[in-house]
Structure formats: structure tokens, C-alpha cells
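Topology and contacts: notes
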Amino acid sequence: MRTTDYLLATQKESPAEAEIISHQLMIRAGLVRKLASGLYTWLPSGLRVLNKVAAIVRDEMNKAGAVEVSMPVVQPADLWQESGRWDDYGPELLRIKDRHERDFVLGPTHEEVITSLVNNEVSSYKQLPLNLYQIQTKFRDEVRPRFGIMRSREFIMKDAYSFHLDTESLETTYQRMHKAYCNIFDRIGLEYRPVVADSGSIGGAVSHEFHVLADSGEDDIAFSNASDFAANVELAEAICTAGRPTASSDIELIDTPNAKTIADVATLLNVEATQCVKTLFVKASEESDDALVALVLRGDHQLNEIKASKIDGIASPLEMADEAEVKPVTSAGFGSLGPVNLNCRIIVDRSAAVVADFICGANIDEKHYINANWDRDVKTYQIEDIRDVIAGDPSPDGNGTIEIRKGIEVGHIFQLGDKYSKAMNCGVLTESGKHQVLQMGCYGIGVSRIVAAAIEQNHDKYGIIWPDTIAPFQVAIIPMNMHKSPRVAEAASKIYESLIALGVEVLFDDRKERPGVMFNDMELIGVPHSIIIGERNMDNQVVEYKNRQTGDKTTVSIDEIVAFTVDKIGA
RNA sequence: CGGUGAGUGGCGCAGCUUGGUAGCGCACUUGGUUUGGGUCCAAGGGGUCGUAGGUUCAAAUCCUAUCUCACCGACCA
């Protein structure tokens, strides 16, 4: 491709709204343009990358025994009513009407369509297991699209759905897909982790997320420094191996004027936050006799809302009580609450339960207790795991300690079980002639999100550094002042034609631009290999090869540069 | 949906307080200059100042309504 025939669309400046580096670089490098909130046009370079990612995904899916189909973006509402998600999915599901006033949705996912399809096409156990996938546009009407292509409303997703007679077969395919996902991210060259995950609203028992590690990620991933344990912080178990020391002092009521937060109290009393406990009040579930439940955590720990909401008697999703609701129970306001003399159900985090002689609110405004102790000063309480794990915690698998890193979720696989097949009565006849509801698995990859995630992980101050496998072009030819030097023009054209003939993807910068402009553009776009051709090297019949990733430069003779470059691409 | 902020040429912004008929940088066009890391000079094209209404002799500027967008939060693959 010659740049004069191409739409390079590079920019010096990025829009003010682009907050994260991948978004800025995708605009500046001419990969995408925003049309409206959460809606993006893919420019030629961006589309090339997107297609390469899709091709790798497709190849690995095929190798893993999945079969490609393509389902409509627009889906009839009755399918969604049948599965129950017409009511459950909420405003993220974009609903539209056709000219006959019939309801449709823009598909955010395709469980309903695929289940309907399989129900119609598969009627015997002999046809199972079956794994169908597609790579296609999804639409989710996100409350707040952000980070460019990372969380957009319209995006490209690979979604696969497998169907099985029993859970053993589901497990086998699940493991096969797990491996295929690892192959995909390995091939693309990303640093990633498969992590144990909460299956959330999609349902099912077993679930793994695949995260690309990047500081701009929206999820916290906990993993062991000594084993392959990795889990989303949402559900990573917080282990407490320590025992509780015996109480050493009598409980004492002290004045703590204007000390509202744990940090205030710790500073005032000159102690560590770990010696304090904090008490939060959440609403009890409707069937519970209580109105509120007190949750007690060590001062330096954070409440894990997902863990808390799973405890019997607590409202799910979790609802924090406001000050007006707390006052009648405690007779004190926020900032002075604690478990001592509290007439309310108390749930204590494992780590808070092993603190002795702790500091807590006294349920009297402006006062705290010091040297409070469990059992002695608080008789009735229940111990649960209700906090987020933090760096340094012991790993739940018993090996090593926890580290926390940010991750971008690029894949998620689920063992769905019969949630959809049961709702939509999707089954086959078994060997004995009985109708049996199928087991399902579903497996998603955010194809467009991978493009952004790859940039988050691979860039420098000059621009993008694409892994070879997904770069928009493999090689850039940068001729210096070609329009003034027939020798340079001839050498550049010759090298270009030779590489093209070998099937190499080359971007030949034939613009009448100064060298600096071309260098900067090619580095911004992130082409992995460059060939620099200048008049000063013509007398020796050599050109320069430059590697974007390492920055290494090598002088190579014109006769050998094509073979040299092809070798570099292969390496 | 709550909080905050912003809408002025393709992008980044100034002008608004104190109304007087729109400007700067980048990008674009033309000519020249320069040519191994975003040269420099000159000339030029492009904007009903988000939209609607109001005040006024006069509105980008003041008032009202409305729309859109971004960031934080909530929510959510």
C-alpha cells in the first residue's frame, strides 16, 4: 500500500476527552473516529488490526472444534420474553420497533437466538456436543461509554455457545475453550491472566475471565506470587491465618472530637488503622426480621459488596443504610459507630475478628472506645469473609501471598448449565428416546477491546508498538527525499515490489514529506519493521533496517534487504 | 440516574467578567525555502459561536429553556 493511495489520518493532537493512552493513540494513529457517544468508525489502519485479531480468534476457534455461524443483530422481542430477559436485562438492552410496531432488540448477546436455532436444528443426542460461534457486532446501551473503543456501545465480539447432553461433556468443551483462549492471547502476544470470576447476571456455576494486565484496567485482579492462583478481587477469598491475642486492658470510653474517619481516629490516637475497626450498616433483606445489619471490618480493609450481599439476611444487591436509618439503632451518627452495646445483627470480617484491644466507635457522638475486645465486650456476632483481598494477604490456595494488579477484561467463559435451555425448552431425544434438556456453555471475547488492550500494553512516547501478529502493516518503507533522488525512488520501488510479491504487508510512504514527518508517522502507527532508504547510502548500495520494538538499526545491502526483512518478520 | 465541567472552522484553544458584528496554534490549499527526526516565510480557503426564544439600536458575550458531550460516582460485560 502506498500512503498516497491510503487514508493515513494521523494527527498531532488528540481530543481533550481521550483520557487513557490507548484511546489517545487510536485517534492520533488514525485507527478510529468517534461518530457519537460510544459509536466509532474504524479507519483503514484500525480495521486492518481488528481483522487480524478476528482472524486469530477465528483460527483458534476452528482448531478447537467450534463452527462459525452468523446471527442477526436485530432480534425479535418474543425470544427475549421467552427467556425472561426482556424484563430482566434492563435499559442496556436497546429496544426498537419496526414499521408494524412490533418489538425488536439490538442484540447485546445471542443466547436466545442460538438456543432457538439449536432447538430447531438439533433433535438427537447423536448431534452433540455442538459448539457454534460468530464474530459480530453487539450493541449494549451502556450508561456511560468511556475509554474510546474499550467500553463502547457498539463493539465486535466473538461469542461461542456449546450444547451438551451432560455436564461432563460441558466440562470437556469448557477446558478446550479455556485452552483456545490461552492460545489466542499467546499468539497475539499479550500479558494476560485467566482468573476465577463471578458469573454475574449471565448465570451458571463455573466461570473464568481473561484479563490483559494494564494499569488502566477497570478490574482488580488478585493473584499469587507463588502459584497460578488468580481471581477477580470481587470474589477472591480473604484468608486470615492469624490468631487473636488475649485482651490486655479494660475497655475505656474516650473523647474523639471531630474524628469521623478511621484516618482521623488513628491520627488522633497515634495508632495504626489496623488497630481500629469500622462499622458499616447495610439494609437487611426483606424476609429478614431486622431492618439493618452491622458489618465490621478492620480499619484498613474495604468492604466487598458482592461477598456481603451473598450472606443470608442481607439485601442483594447490597444497599448501604443512610444516616437517618442508622440513628434509631445506634443513637449516634456516622463517624462514631461500633459493635459494642449494639442491639443489631453483627457480622465481623475474619480479619477484624482477630484484633484484640481494638478501637471502635462508641455509638455516642464524638466518642470512641479503646481496648475493646470480642466476646468480652461484644457477645454476639458472626464471622464471615466480607472484605476485599489486599496485597500481602495469604493466597487462598495456600501458596504464596496475594498481589493485586489492574486488568482489562477481554474474555469471559461460563458453564451456563441449563438456565437458557430450560427456559426455552431446548432439548434432544436421548438414546433411550427420552427428551432431555441440554447443558450449555458460552464463551465471549471482546475482539475490538483487544485492540485497545494491546495498545495499553504496547506503546512508548512515540506511539504504538504493535506485536507483529496484529500490526496493520508488517513493514514500512521510508524513502528520504525520493522526489529529488531518482536512485532512492528506484531502490524504494524495487524493494516495495519485491516484498509485495512475497505477500508481505508493506506501507510505502511515498508522500512528498520531510523525513521527520515520515519517521514520526510510522512510529506513531507502530509498524514493527522499517526500511529507511536515503541518498547518503546509495553510493554503497545499502539501506537501513529499523525495529520499532527494540529500536535496533542495521545497515543492509539493497540486494539482501528483502530476504533480511522477511527473516525478521518470521522471527 | 446523582455530582462537576464543557459546547466558538477537521483537532486543540482564546474571546464572554465590562455587548459593538470572531481570533490564535495545528491541519488544509498555493508559491518559495528546507531536506536523515514534526524546517521557515508569504499568500489563501473554511466558522449562521450547540439549538430555540428573550432583552437591546446592537448578542459568541446578558437572561430563559432545551439538546449534546466529557469526567467522577452509581450501574454493568
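Heads up: the structure comes first, above all this text.
What counts as what
- Residues numbered from 1 in each chain as written.
- Chains lettered and ligands numbered in written order.
- Predicted model: local features only at pLDDT ≥ 70, side-chain atom pairs only at ≥ 80, totals over all residues.
- Heavy atoms only, no water.
- Salt bridge = Lys/Arg side-chain N within 4 Å of Asp/Glu carboxyl O.
- Helix = DSSP H or I, 4+ residues; strand = E, 2+ residues; numbered from the N terminus.
- Axes fitted to C-alpha atoms, helices over the stretch in contact; angles between N-to-C directions.
- Parallel < 35°, antiparallel > 145°, perpendicular 65-115°, else oblique.
- Contact = heavy atoms within 4.5 Å.
- Nonpolar A, V, L, I, M, F, W, Y, C, P; charged D, E, K, R; others polar.
- Left-handed = near helix turned anticlockwise from the far one by under 90°.
- Pairing = 2+ DSSP bridges.
- Phe/Tyr/Trp six-rings, centres within 6.5 Å; stacked < 30°, edge-to-face > 60°.
- Buried < 20%, exposed > 50% of the residue type's maximum accessible area, 1.4 Å probe, protein only.

Here we take up the pattern of salt bridges. Under the defined criterion, the tally for this structure stands at 36 salt bridges. The closest approach of N and O atoms between E325 and K283, which form a salt bridge, is 3.5 Å. Separated by 42 residues along the polypeptide, E325 in helix α9 (residues 323-330) and K283 in strand β14 (residues 277-283) bring together distant segments of the chain. Sharing partners across several salt bridges, the network here consists of D59, E60, K63 and R187.

So, on to the packing of helix α1 (residues 21-28) against helix α11 (residues 447-457). Where α1 meets α11, the closest approach of the two axes is 8 Å, and the angle between their N-to-C directions is 105°. As far as their axial angle goes, α11 and α1 are roughly perpendicular. On α11, the residues touching I21, S22, L25 and M26 of α1 are V451, A452, I455 and E456. Classifying every residue of the contact of α1 with α11 by side-chain character gives six nonpolar, one polar and one charged.

Here we take up the packing of helix α12 (residues 486-501) against helix α14 (residues 561-570). As a packed pair, α12 and α14 sit with axes 10 Å apart at the nearest point and diverge in direction by 45°. One way to sum up the angle between α12 and α14 is to call them oblique. Relative to α14, α12 is oriented so that their crossing is right-handed. Between α12 and α14, the contacting residues are I495, S498 and L499 on the first element and I561, V562, T565 and V566 on the second. Residues of the contact of α12 with α14, tallied by class, amount to five nonpolar, two polar and no charged.

Either a parallel or an antiparallel arrangement is found when strands of a sheet pair, and the pairing is made through backbone hydrogen bonds. On the basis of which strands lie adjacent, the open sheet formed by three strands has the order β13-β18-β17 and antiparallel pairing. Only two strands of the sheet have a single partner each, and these edge strands are β13 (252-255) and β17 (358-361). If you compare each strand with its neighbour and ignore which way they point, the axes differ by 30° on average.

With that settled, consider the packing of aromatic side chains. A complete count under the given rule lists eleven aromatic pairs for this structure. Ring centres of F185 and Y192 lie 5.4 Å apart, and the angle between their planes is 45°; this geometry places the pair in the tilted category. Taking the relative accessible area as the measure of exposure, F185 reaches 0% and is therefore buried. Assessed through its relative accessible area of 13%, Y192 is described here as buried. Aromatic side chains Y496 and F508 sit 5.1 Å apart centroid to centroid with 40° between the ring planes, which places their arrangement in the tilted category. Placement of the pair is Y496 in helix α12 and F508 in strand β27 (residues 506-508), with a sequence separation of twelve residues. Owing to a relative accessible area of 0%, F508 belongs among the buried residues under this scheme.

Coordinates in, geometry out; function isn't part of it.
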